[in-house]
Amino acid sequence: MSTPLLEVRGLRKAYPGVVANDDVSFAARRGEVHALLGENGAGKSTLVKTVYGLLRPDEGRMMLDGRDYAPASPHDARQAGVAMVFQHFSLFEALDVAENVALGMEVPPPMRELATRIRDVSETYGLPLDPNRLVGTLSAGERQRVEIIRCLLQDPQVLIMDEPTSVLTPQEVAILFETLKRLRTEGKLILYISHKLEEIRALCDWATILRHGRVTGSCDPRQKSARELAETMVGSELALPAAKTREPGEVALSIAGLTAASGAAFGTELKDLFLEVRRGEILGIGGVAGNGQDELLAVLSGESRSAPDSIMLGDLPIGSFGPNERRALGVLAAPEERLGHATAPDMNLIENAALSGRRRMGMVSRGFVNWGKARAHAEHVIEQFDVRVPGAGSVARSLSGGNLQKFVIGREILQQPDVLVVNQPTWGLDAAAAAAIRQSLLDLAGQGAAVIVISQDLDELMEISTRFSALNEGRLSKPRDTDGLTLEEIGLMLGGAHDLEIGQGLSAPDRAVEAGETSP
Amino acid sequence: MIRLERRPAPSRAWAWATPLLAVLATMVAGGLLFAFLGKDPLLVIRTIFWDPILGEFAFYYRGQLLVKAGPLILIAIGLSLGFRAGVWNIGAEGQYIMGAICGAAVGLAFYPLEARWLIFPLMVLAGGLGGFLWAMIPGILRTRFNTNEILVSLLLVYVAEQILAWMALGPLRSPDGAGFPGSRNLRHYDSAANHELISGSGMHWGLVAAFIAVILGHVLLSRHILGFNIRLAGASPRAARFAGVNPGLLVLTCLGVSGALAGFAGLFEVAGPAGQINIDFNVGYGFTAIIVAFLGRLHPVGILLAGFLMALTYIGGEAAQATLGVPAAAIQAFQGMLLFFLLALDVMTNYRVRIDARARA
């Protein structure tokens, strides 16, 4: 067995109040896709940031190719042959691909030469990309290719990928995996961070599993079941949400022919939407971020107004109603951005309870706020949803993501909505918190409410929703029952082939080609 | 290396300690400044902070303190609502001038009719309305055309000053003034005068209005849904939209209230201590009130205290100029330092200082 290319020994990194990495050791060889697996907050990102020179460890050492490796900055790391593709892209939308790549280089070659090199690399590794396209017009998957190509142009030995598939469609995931496999055959080491178990089982040769900043196990993921991996990751038996068998009731809310421009620059216009959600069902809306999710939530919550009869609550046109008028009627929403949209970061939980509950919980009479009722609501949410805080007087930003999300979801559910719309309810949450939130959404639907879940996590949508629809470039596909829906079909829906029934005669240009090979 | 580290939650202790520390730091830095000017720093500080309250001539200064603090508090309460909501009305000075002009014009229109029950209330209303309408200009420009209310409201101060000069020289000039600029003196017109309520105390209706504003402001911010919406919009505009707050309406409300309060302050000043509309009527209360609002932590009770503190530096500063020959610019620098230190120390509310021993290597 050859010596490891990258070796990490006894790494420790502590922040005030939390030890992000504690005595972390692992070794990885050339030609290996090495998974770093763990829940959010397990310390994966801290670990790779240390390897990439963004953080300096408090203790421990690293070896690269048998030599001591202690990068003081990402620049050092790149010099040593370590490159990283971040979860969040750092690209300028108003510049084209080649210009963006040039901005990341120490000494950029002339533009024409660079464009040629980008084409070469993109062909060699099967990453279709036109160097002259404006980044603002690229999909998330294409933007990721820009980042990957930017790294590959440095000819790295180690490529770190931080949750690369979180923004990709299944087809794009398949392309990415082909690229990574090709890099593996060239003898490169890929450090692959994810909490998606199936992906890791399909791609990776070895996995180091982290929990609470410590290594809790390492294994060949192909030899283990997803459940075994998950249990090493979470440290306890997973409770899967209860089944979702239920007869849906009458239509609670419907959207007909809604078109709405986005308020934000580079936002997505909603185009000719049709949607129906019934009592007792969860309608899952999938799609890659930036395809109109925020806009759809705003239209449903009342933050964006539309023509009165474009949105109907039963027989009542509510398109022109504002958020509080809709809340009074039982239409509630929980936005994706926990801090700064669903809650005011510097306000405490009592005030944040009044933020959305003022109308429905009778907290305001004659213009005066009854803070006692607001406190009671906040404390009820904290208790019912197991929000771990010192008290209702804590400010929102002092809560961890999972706890705040439980508060945000609980705040709406305990107002007993007739229709609840949530966007990314479990984004960035650990498995236990995510399961609790999914269960509460299922319970709510079980009590006869209509629930719309907008999410990028397809596994989540398949698990809890009764029907599934995909949002793509502001258009919503025709909803399908989730039972019996295959990954290929979902992929096609996400890719924008709306006329799924016609099957072969797809006209969506390059996406249809990519759709050819899906299942990993 | 010294690092600033964000606190998980804003520190309450620091929020209340920073104004006091800022005053202390201002005394130290100001003392150094006075020492460089060849004055005895302790004597100057004592003249500014001590003599107006407890010195030999305090009986006179105490009244002056109320006269100065009244408009500062009244204007600052209005401004603080906007500042809390992220609506930056920097033009209170202009609204103050326009309130004074409108109120005085109503009073002068009735001259020499004696009917105090009618004329004075009308003047107060006109004063508030004048300030309100002047503040609506930046308000409507912002909500309609997305202009910046900071620039518009500030520039309108200079427009208001031109109007003031024109009024003092033209339409409102006293016919009995022998051609001198300036209107009739409202203090000599009983139905329109804002007299002292208790002779020699400095207490006038403007101060009563300021106290009422403090109480209403406090109730509004702590109990009323509008106050909650104001705080919410300032803390997180997107969350405020989600909560159903209409941002345009909130901008207009904040500018309107602060404009009206500044207008009231102008009216009480022109009908009382100043007496007449004249070219030099405005002395910068509208700008100083910005310091008062921040010094008082945008909190009504804090503003009440800060208003008196600022008034003290004015009165004491004048005394120091008169008796010790400290230049006026030095006093202004001294007052400016107060805001400067306050904003600098404010960092401590949200951050704590860490001294990073390892990074020194």
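All of these numbers come straight from a predicted model, not from anything done at the bench.

Each value, and the rule that gives it
- Residues numbered from 1 in each chain as written.
- Chains lettered and ligands numbered in written order.
- Predicted model: local features only at pLDDT ≥ 70, side-chain atom pairs only at ≥ 80, totals over all residues.
- Heavy atoms only, no water.
- Pairing = 2+ DSSP bridges.
- Helix = DSSP H or I, 4+ residues; strand = E, 2+ residues; numbered from the N terminus.
- Axes fitted to C-alpha atoms, helices over the stretch in contact; angles between N-to-C directions.
- Contact = heavy atoms within 4.5 Å.
- Domains from an automatic or database assignment.
- Buried area = accessible area lost by both parts, 1.4 Å probe.
- Salt bridge = Lys/Arg side-chain N within 4 Å of Asp/Glu carboxyl O.
- Polar contact = N/O pair within 3.5 Å; in protein donor to acceptor, adjacent residues only side chain to side chain.
- pLDDT = per-residue confidence, 0-100.
- Phe/Tyr/Trp six-rings, centres within 6.5 Å; stacked < 30°, edge-to-face > 60°.
- Buried < 20%, exposed > 50% of the residue type's maximum accessible area, 1.4 Å probe, protein only.
- Lys NZ or Arg CZ within 6 Å of the ring centre and 35° of its normal.

## Quick notes on the sheet that holds strand E10 (residues 214–219) of chain A
The pairing of strands in a sheet comes from backbone hydrogen bonds and takes either a parallel or an antiparallel form.
Residue and element names in this part refer to chain A.
Part 1 of the argument: As summarised here, the arrangement of the six strands in space is E6-E7-E8-E3-E9-E10, forming an open sheet in which the pairing is mixed. Edge positions in the sheet fall to strand E6 (82–85) and E10, since each of these pairs with one other strand and no more. Here the strands of the sheet are splayed against their neighbours by 20° on average, with no regard to which way each runs.
Part 2 of the argument: Where strand E7 (residues 158–162) lies against strand E8 (residues 189–194), five bridges are found, and the strand directions are parallel. Bridged to aspartate 162 within E8 is isoleucine 193.
Part 3 of the argument: Packing against the sheet, helix H6 (residues 170–185) makes contact with strand E3 (32–37), E7 and E8, and its axis sits at approximately 145° to E8.

## Some remarks on the sheet that holds strand E1 (residues 6–15) of chain A
Residues and elements named next belong to chain A.
Part 1 of the argument: What the four strands build is an open sheet, ordered E2-E1-E4-E5; its pairing is antiparallel. Edge positions in the open sheet fall to strand E2 (18–28) and strand E5 (67–68), since each of these has one partner strand only.
Part 2 of the argument: Where strand E4 (residues 59–64) meets E5, two bridges bridge the pair, whose relative direction is antiparallel. Counterpart to leucine 64 in the pairing with E5 is arginine 67.
Part 3 of the argument: Strands E1, E2 and E4 of the sheet are contacted by helix H1 (residues 44–51), whose axis makes an angle of about 120° with E1.

## Quick notes on the domain arrangement of chain B
Residues and elements named next belong to chain B.
Part 1 of the argument: Each assigned domain of chain B is listed here: domain 1 (7–39 + 326–361) and domain 2 (40–325).
Part 2 of the argument: Taking only C-alpha atoms, the centre of domain 1 and the centre of domain 2 are 27 Å apart.
Part 3 of the argument: Listed by partner, the interface residues are 21 residues for domain 1 and 20 residues for domain 2.
Part 4 of the argument: For the pair domain 1 and domain 2, the two sides together bury roughly 1900 Å², of which 75% comes from carbon and sulfur.
Part 5 of the argument: Put simply, domain 1 and domain 2 have one salt bridge between them.
Part 6 of the argument: We note a salt bridge from arginine 297 to aspartate 346, for which the minimum N-O separation is 2.6 Å.
Part 7 of the argument: Run the count over domain 1 and domain 2 and you get seven residue pairs in polar contact (both at pLDDT 80 or more).
Part 8 of the argument: Only helix H1 (12–36) and helix H14 (328–350) provide two or more residues apiece to the side of domain 1 that touches domain 2.

## Considering the confidence of the model for chain B
A low pLDDT means the predicted coordinates there should not be read in detail.
Part 1 of the argument: When pLDDT is averaged along chain B, the result is 90, and 98% of the positions lie at 70 or above.
Part 2 of the argument: For this predicted complex, the interface confidence reaches an ipTM of 0.84, while the overall pTM sits at 0.74.

## Examining the packing of aromatic side chains
Part 1 of the argument: Tallied over the full model, the rule gives 13 aromatic pairs over all chains.
Part 2 of the argument: Summarising the aromatic geometry, the rings of A:Phe177 and A:Tyr192 are spaced 6.3 Å apart at their centres and angled 75° between planes, so their arrangement reads as edge-to-face. Of this pair, A:Phe177 sits in helix H6 while A:Tyr192 sits in strand E8, and the two are 15 residues apart along the sequence. Just as A:Phe177 is buried, A:Tyr192 falls in that class too.
Part 3 of the argument: Considering the side-chain rings of B:Phe120 and B:Phe268, the 6.5 Å spacing of their centres and the 50° angle between planes classify their relative orientation as tilted. With B:Phe120 in helix H6 (residues 116–145) and B:Phe268 in helix H11 (residues 247–271), the pair connects residues that are 148 residues apart, well separated along the chain. This pair shows no difference in class: B:Phe120 is buried, exactly as B:Phe268 is.
Part 4 of the argument: An aromatic cluster is present here, built from B:Phe34, B:Phe49 and B:Phe334 joined pairwise through their rings.
Part 5 of the argument: Above the face of the B:Phe242 ring, A:Arg327 is positioned so that its terminal group lies 4.7 Å from the ring centre.
Part 6 of the argument: Seen from the ring of B:Phe120, B:Arg116 lies directly overhead, with NZ or CZ sitting 4.5 Å from the centre.

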